[in-house]
There are 2 protein chains.
Amino acid sequence: MIGKVADRRQAKVATIVAAAWGLARVNGIGAVSLRALAREVGMRQPSLYEYFDSKHALYDAMFADGNRQLLERLEALPPDQDPRRALKSFMRTLADFALEDDARHALLFQRPIPGYEPGPEAYPDAERVLGRAVELMAAAGVDDPGDVDCIVAVVGGLIDAQTSNDPGGDRWVRHLDRLIDLHLDDANRRSTR
Amino acid sequence: MIGKVADRRQAKVATIVAAAWGLARVNGIGAVSLRALAREVGMRQPSLYEYFDSKHALYDAMFADGNRQLLERLEALPPDQDPRRALKSFMRTLADFALEDDARHALLFQRPIPGYEPGPEAYPDAERVLGRAVELMAAAGVDDPGDVDCIVAVVGGLIDAQTSNDPGGDRWVRHLDRLIDLHLDDANRRSTR
DNA sequence: GTCTATACATCGATAGAC
DNA sequence: GTCTATCGATGTATAGAC
C-alpha cells in the first residue's frame, strides 16, 4: 500500500486543523499562533512547516475544512418537495452552522485576518454552497439575480446582527423564515407581473 | 487661560487619530502599527503613550471619532415631513458613509480587531445614531421592536454584502430604498391588523 | 519526520535619562 | 513631553543533528 503513508499524513493534517479550530474558538481566529498550535498537538513550532508551508497555508486548510463541513451538513438535509420549505431549511441550517462557532463563521464569511485572502484552491466548496442556494431560490420562483442578492444579503444580515449583538440568543434569527417568505412573495409578485 | 495647554493636547490627539485613519485606509484597520503611526506624525513610538495609554485606547479614540463623524453627517440632513423619505434618506446616508471608508466601517460596525471591544465611554454617539433610526422608523409606523431589528439587519446586510463582494459598485445597495419600502409595508400591514 | 538552535523581522509596552 | 534602549511576544525561515 503506497497510500498508507499519505493517509497518515492526511490524518495528522486533520488533527492539526482540528486543534487550530479549537484555539480559534477560545481566543479568536486571529489569535492562533503557530507556537501554541504546535504545543497543542505535541510538536515544536518548526515541525508544523512539514505540514503547512506558511501560516496562510494553515488558514487555507481551515477555510477549506470549514466549507467542507458546511457543505456536508447542507447535503445531509432531506430533500423537500416544497421549494419554500427546502429553502428555509437550507438557510436555517446555514444560520445554525454560523452561530455554532464564531471563529469559523468569521473565517468563512468575513475577512478577519489582515493580509489573508483564501486561495483559489479553497473556493470550490464555497461556490457549491452558493450554487445550491441559487438553485433552491430558482425552484421557489426567484429568477431575478437582484432578488437572489437581496435574499443572500438579508440572511447574512440577520446572522451578523445575531452574532454581534445577541450571541447565543435568537433575537434576529427568529425572523429568518418570515423574512424569506416576505422576500419570496415580493420576488414572485414582481416577476409574474 | 488654563485651557490652552489642554486644547493643544486635544489638537495633537486629533492629529494622531486623523493620521491613524489615514494608515487604516491604506492597509486596513488591523495593520495600524504604533511605530508607523508615530512616524506619520513625526514622533517616536513610545511618545504616543503620552496620548494613549494603550493601543486599545487609540482604537477607542478612533471609534468615538468615527461615530462623531457619522452623527454629524446624519444631523446635517434636512428635515423631511414624509417619514418614509426621511428614513430612506437616513439609511442612504448611513450606507454612503459606510461605503466611503472600509476601515472606518469595519471598526464602527464589526469587530475587526481580535481582543478589542469598544469601551463604554465610546458608546454614547453610537447609541444616538441607533436612537435616531428607531425614531424615524416609529414615525413611519414601525412599532414592533422585532421589525426595527429586521430593518437594521437588512440595511447592515446590504452594506456588508456590498463592501465584501462589490466594493465601489452598487449591486446590493441599489436595492436599499425598495427593501425599506417592502419592510415598512409589511410592518404596517401586520401592526394594523 | 522531528528535533534543537538560531537568525531576523515585526509588534505592543515599559524604564529611565533628559 | 520626548527620547533611547530594551523586553518579551510574535511569525517566518533556515541549518543541521538524529
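Engineer: Could you clarify how one ought to interpret the interface of chain A and chain B in this entry?
Structural biologist: A common measure of how large an interface is: the accessible area buried when the components associate. Listed by partner, the interface residues are 23 residues for chain A and 23 residues for chain B. If you sort the residues of chain A by the area they bury against chain B, Asp149, Arg178 and Leu182 of chain A come out on top, with a joint share of 26%. Between the two partners, chain A and chain B, sit 6 salt bridges. Residue Arg178 of chain B pairs with Asp147 of chain A through a salt bridge whose shortest N-O separation is 3.8 Å. Where chain A touches chain B, the interface holds 7 residue pairs in polar contact (both at pLDDT 80 or more). Of all the elements in the fold, those that place two or more residues in the side of chain A that touches chain B are helix H7 (145-165) and helix H8 (176-191) of chain A. The element contributing the most residues to the side of chain A that touches chain B is H7 of chain A, with 10 residues. Among the residues forming the side of chain A that touches chain B, the class breakdown is 10 nonpolar, 5 polar and 8 charged.

Engineer: Even after reading the chapter, I still don't get the relation of the copies chain A and chain B, so can you show me in this structure?
Structural biologist: Mapping between the two copies of the chain is achieved by a rotation about an axis and a shift along the axis. Between chain A and chain B, the superposition needs a rotation of 179° and an axial shift of 0.2 Å, giving an RMSD of 0.3 Å. One copy is carried onto the other by what is essentially a two-fold rotation axis. Considering only C-alpha atoms, the part of chain A nearest the rotation axis is Gly157 of chain A, at 1.9 Å. Most of the interface of chain A is mirrored in chain B: 100% of its interface residues are interface residues there too.

Engineer: Sorry if this is basic, but what is going on with the protein's contact with DNA strand C here?
Structural biologist: If you check the shell around DNA strand C, you find 18 residues, and the closest are Ser47 and Tyr51 of chain A together with Gln45, Tyr49 and Lys55 of chain B. Backbone atoms, meaning sugar and phosphate, form 62% of the atoms of DNA strand C found within 4 Å of the protein. One nitrogen or oxygen atom from the side chain of Ser47 of chain A is found 2.5 Å from a phosphate oxygen belonging to DNA strand C. Between DNA strand C and the protein, one listed contact pairs a phosphate oxygen with a side-chain N or O atom of Ser33 of chain B at 3.1 Å. Counting only elements with at least two residues in the surface near DNA strand C, the list comes to helix H1 (3-27) of chain A together with helix H2 (34-40) of chain B. Split into classes, the residues belonging to the surface near DNA strand C amount to 7 nonpolar, 5 polar and 6 charged.

Engineer: Sorry if this is basic, but what is going on with the state of the cysteines here?
Structural biologist: Here, the word disulfide means a covalent bond between the sulfur atoms of two cysteines. Tallied over the entire structure, the rule returns 0 disulfides over all chains. Here Cys150 of chain A stays free of any disulfide, with the sulfur of Cys150 of chain B as its closest cysteine sulfur at 15 Å. For Cys150 of chain B, a relative accessible area of 1% corresponds to the buried category.

Engineer: Any chance you could explain a nonpolar patch on the surface here in plain terms?
Structural biologist: The grouping of Leu130, Val134 and Val152 of chain A at the surface amounts to a nonpolar patch, some 210 Å² of accessible area in total. Tracing the chain through its elements places Val152 of chain A in helix H7.

Engineer: I would appreciate a short explanation of the domain arrangement of chain A in the present structure.
Structural biologist: Residue and element names in this part refer to chain A. Parsing chain A into structural domains produces domain 1 (1-53) and domain 2 (63-191). Relative to domain 2, the C-alpha centre of domain 1 lies at a distance of 29 Å. Taken together, the contact between domain 1 and domain 2 spans 5 residues of the former and 10 residues of the latter. The junction of domain 1 with domain 2 conceals about 590 Å² of combined surface from both sides, 76% of it contributed by carbon and sulfur atoms. By the criterion of area lost to domain 2, the three top residues of domain 1 are Trp21, Arg25 and Ile29, representing 85% of everything that side buries. Our count for the domain 1 to domain 2 interface comes out at 1 salt bridge. Here the side of domain 1 that touches domain 2 is composed, by residue class, of 4 nonpolar, no polar and 1 charged.

Engineer: Before we go on, may I ask you to explain the nonpolar core in this structure?
Structural biologist: Inside soluble globular proteins, nonpolar side chains tend to come together where they are buried. If you look at the biggest cluster of nonpolar residues, it comprises 121 residues, and the most contacted ones within it are Met62, Met91 and Leu107 of chain A together with Met62, Met91 and Leu107 of chain B. The residues touching Met91 of chain A, leaving out its near neighbours within four places in the chain, are Met137, Ile151, Val155, Leu176 and Ile180 of chain A.

Engineer: What is the right way to read the side chain of Arg104 of chain B from this model?
Structural biologist: Within the fold, Arg104 of chain B resides in helix H5 (residues 102-109). By relative accessible area, Arg104 of chain B is classed as buried at 6%.

Engineer: What exactly am I supposed to notice about the environment of Leu34 of chain B here?
Structural biologist: Residues and elements named next belong to chain B. Following the sequence through the fold, Leu34 ends up in helix H2. Judged by its relative accessible area of 14%, Leu34 falls in the buried class. Residues contacting Leu34, with those up to four places away along its chain left out, are Gln45, Leu48, Tyr49, Lys55 and Leu58.

Engineer: How should I be thinking about the side chain of Arg84 of chain B in this particular structure?
Structural biologist: Its place among the elements puts Arg84 of chain B in helix H4 (residues 83-100). When neighbours within four sequence positions are excluded, Arg84 of chain B is seen to be in contact with Asp181, Leu184, Asp185 and Asn188 of chain B.

Procedures and definitions
- Residues numbered from 1 in each chain as written.
- Chains lettered and ligands numbered in written order.
- Predicted model: local features only at pLDDT ≥ 70, side-chain atom pairs only at ≥ 80, totals over all residues.
- Heavy atoms only, no water.
- Contact = heavy atoms within 4.5 Å.
- Buried area = accessible area lost by both parts, 1.4 Å probe.
- Salt bridge = Lys/Arg side-chain N within 4 Å of Asp/Glu carboxyl O.
- Polar contact = N/O pair within 3.5 Å; in protein donor to acceptor, adjacent residues only side chain to side chain.
- Helix = DSSP H or I, 4+ residues; strand = E, 2+ residues; numbered from the N terminus.
- Nonpolar A, V, L, I, M, F, W, Y, C, P; charged D, E, K, R; others polar.
- Least-squares fit on C-alpha atoms with pLDDT ≥ 70 in both.
- Near = heavy atom within 4 Å.
- Disulfide = S-S within 2.5 Å.
- Buried < 20%, exposed > 50% of the residue type's maximum accessible area, 1.4 Å probe, protein only.
- Patch = residues over 30% accessible without salt bridge, like charges linked within 9 Å, V, L, I, M, F, W, Y side chains within 5 Å.
- Areas by Shrake-Rupley, 256 points an atom, 1.4 Å probe, with all protein chains shown as cover.
- Domains from an automatic or database assignment.
- Core = buried A, V, L, I, M, F, W, Y, C linked by side-chain atoms within 4.5 Å.

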